[in-house]
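Listed below are the residues making up each chain.
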Amino acid sequence: MILLLGAQNFQRVEPLEKILSQNMAPLTPRLVVPIDVKKQPWEQKIPLHNRWHPDIPPVADVTEGELFRVEMVDWTGGRVGDDNSADDIKFMDLTITHYLSGPLRIVDAEGVPASPGDLLAVEICNLGPLPGDEWGYTAIFERENGGGFLTDHFPRARKAIWYFEGIYAYSPQIPGVRFPGLTHPGIIGTAPSVELLNIWNEREKRLSETSPETLKVCEVLHQRPLANLPTPKNCLLGKIQKGTAEWHKMANEAARTIPGRENGGNCDIKNLSRGSKVYLPVFVEGANLSTGDMHFSQGDGEVSFCGAIEMSGFLELKCEIIRGGMKEYLIPVGPTPLHVNPIFEIGPVEPRFSEWLVFEGISVDESGKQHFLDASVAYKRAVLNAIEYLSRFGYSKEQVYLLLSCCPCEGRISGIVDSPNAVATLAIPTAIFDQDIRPKHLRGRPGPKLIRLPDLLSCSNDGHLPVSEDQSGRSVP
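In the annotation of an unreviewed UniProt entry, the entry for the chain reads Formamidase, and the organism field reads Urochloa decumbens.

Below you can see the structure in the form of structure tokens.
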């Protein structure tokens, strides 16, 4: 310590290290999962995983209140290219789905891990694309390989590439459109317990044994499995060495990451962006938090299935353990205390739009058949109405389908009680277009801009696809 002495008083000067420690900005987030986009998922420095299982070992400990950074590959681990073909989409092996970063073991300041029955509050402080990898893609899966919400109308694989300019995205395949992204993780969740994993596998197996002829979405027969059951094919279990007895046992039990479940998972909630909080149930010691499937932007419903702007990316997070929070805040709606769902708190940072064009749909399908309060049919009609309308402005219907899947449009169930029709709406921000898309009196002026625009990236073998038939009896190539 230094003392400055004067005739009448003295001034105490604190050590420089203490002065700096009192006035320093917070440390940058600790990087707990780094990603090299030039490497395959199984080659990463910190192992990734693409299944849910309670015994996947955590890759790092994180203390509650600590700001930390997690980097992620895109959901395919780099299998989709920035190129001129959609063959990578057509032949995608969906058993890879999805490559996740984690699990992370969450502990309190004393080093005590989160416990089953706790609630894990995860705050998204920052997020974005990985530097040097600022691009993404949106796609339509092949009808025979996943399809999408409108697979009866759009059976062929297609792809659009998007490039990022700060907060904005544009695509050479969908010209005349530019919008700010509401970036978010498609997947964030905790590990299931053995009991919960068994519940998942048993109920999904029962569903998969149902005859597909009895289950339809919007009167369209399923083109994909009713549920994606555990499979060792392409199974990645983090630190568990492939081929070992332990790996074989876990690979045949581990749940696929495709649907959202009680642990959160693949919920694809587009508003979980900067400043959001997710309150996740804890089922295993440490919570074992995992995340992935980063989206630059997405429309409500992600209707084309591979329908967000998919990308690699990062999250900067903080966690808080709410001891006993499941019992306190998550009331089970089901036969066990495990039948709960997360709570989400939307953040304050979102694109601001003032004008929207809203399309309505009711539960009457394309053939004119009446359905009883069917919200899926109503939402399908709203999407189809929007596609038919916007195709008058110089776009192919496939371009509009992809755009509605990834732009910041708002889907709503507006009515679910007035039988026989459910009412759904799809609201599209008009500012994303470079032309006025509102209906108007022409009075001698030109109508909608009917110009030939570059179309979506297609496959090299489109001509070999079978022909299907939609609700109205029209052939769909």
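**Quick look at the environment of Glu123**
With respect to the helices and strands, Glu123 occurs in strand 7 (residues 119-128). For Glu123, a relative accessible area of 26% puts it in the partly exposed group. Expressed as a C-alpha distance, the spacing of Glu123 and Leu67, which sit 56 residues apart in the sequence, is 9.6 Å. Those residues in contact with Glu123 that lie beyond four places of it in its chain are Ser276, Lys277, Glu316, Leu317 and Lys318.

**Digging into the sheet that holds strand 20 (residues 313-322)**
Read from one edge to the other, the open sheet built from 6 strands follows the order 3-5-20-7-17-21, with strand pairing classed as mixed. Sheet topology places strand 3 (30-33) and strand 21 (343-345) at the edges, where each strand pairs with a single neighbour. This sheet shows a mean twist of 30° between the axes of neighbouring strands, independent of strand direction.

**Some remarks on the environment of Pro281**
Checked against the element boundaries, Pro281 lands in strand 17 (residues 277-281). According to the relative accessible area criterion, Pro281 is buried, its value standing at 0%. Once the C-alpha coordinates of Pro281 and Pro342 are considered, the two residues, 61 residues apart in sequence, prove to be 6.4 Å apart. Leaving out residues up to four positions away in the same chain, Pro281 has contacts with Asp118, Leu119, Thr190, Glu262, Met326, Leu330, Val340 and Pro342.

**A short note on the sheet that holds strand 22 (residues 356-362)**
If you trace the 3 strands from one edge of the open sheet to the other, you get 22-24-23, paired in antiparallel fashion. Each of the sheet's edge strands pairs with one partner strand only, and the pair in question is strand 22 and strand 23 (410-415). Recorded for the sheet is a direction-independent mean angle of 25° between the axes of neighbouring strands. Judged from the 7 bridges that link them, strand 22 and strand 24 (residues 423-429) form a sheet pairing that is antiparallel.

**Topic: the pattern of salt bridges**
Any two side chains of opposite charge can pair, given that their charged atoms come close. Tallied over the full model, the rule gives 26 salt bridges. Between Arg69 and Glu316 there is a salt bridge, with the nearest N and O atoms lying 3.2 Å from each other. In this pair, Arg69 is assigned in strand 5 (residues 68-72) and Glu316 in strand 20, connecting sequence segments 247 residues apart. Residue class for Arg69 comes out buried when judged on its relative accessible area of 16%. Classification of Glu316 as buried rests on a relative accessible area of 12%. Glu144 is the partner of Arg143 in a salt bridge, and the nearest nitrogen-oxygen pair spans 2.7 Å.

Cut-offs and rules
Residues numbered from 1 in each chain as written. Predicted model: local features only at pLDDT ≥ 70, side-chain atom pairs only at ≥ 80, totals over all residues. Heavy atoms only, no water. Helix = DSSP H or I, 4+ residues; strand = E, 2+ residues; numbered from the N terminus. Buried < 20%, exposed > 50% of the residue type's maximum accessible area, 1.4 Å probe, protein only. Contact = heavy atoms within 4.5 Å. Pairing = 2+ DSSP bridges. Axes fitted to C-alpha atoms, helices over the stretch in contact; angles between N-to-C directions. Salt bridge = Lys/Arg side-chain N within 4 Å of Asp/Glu carboxyl O.

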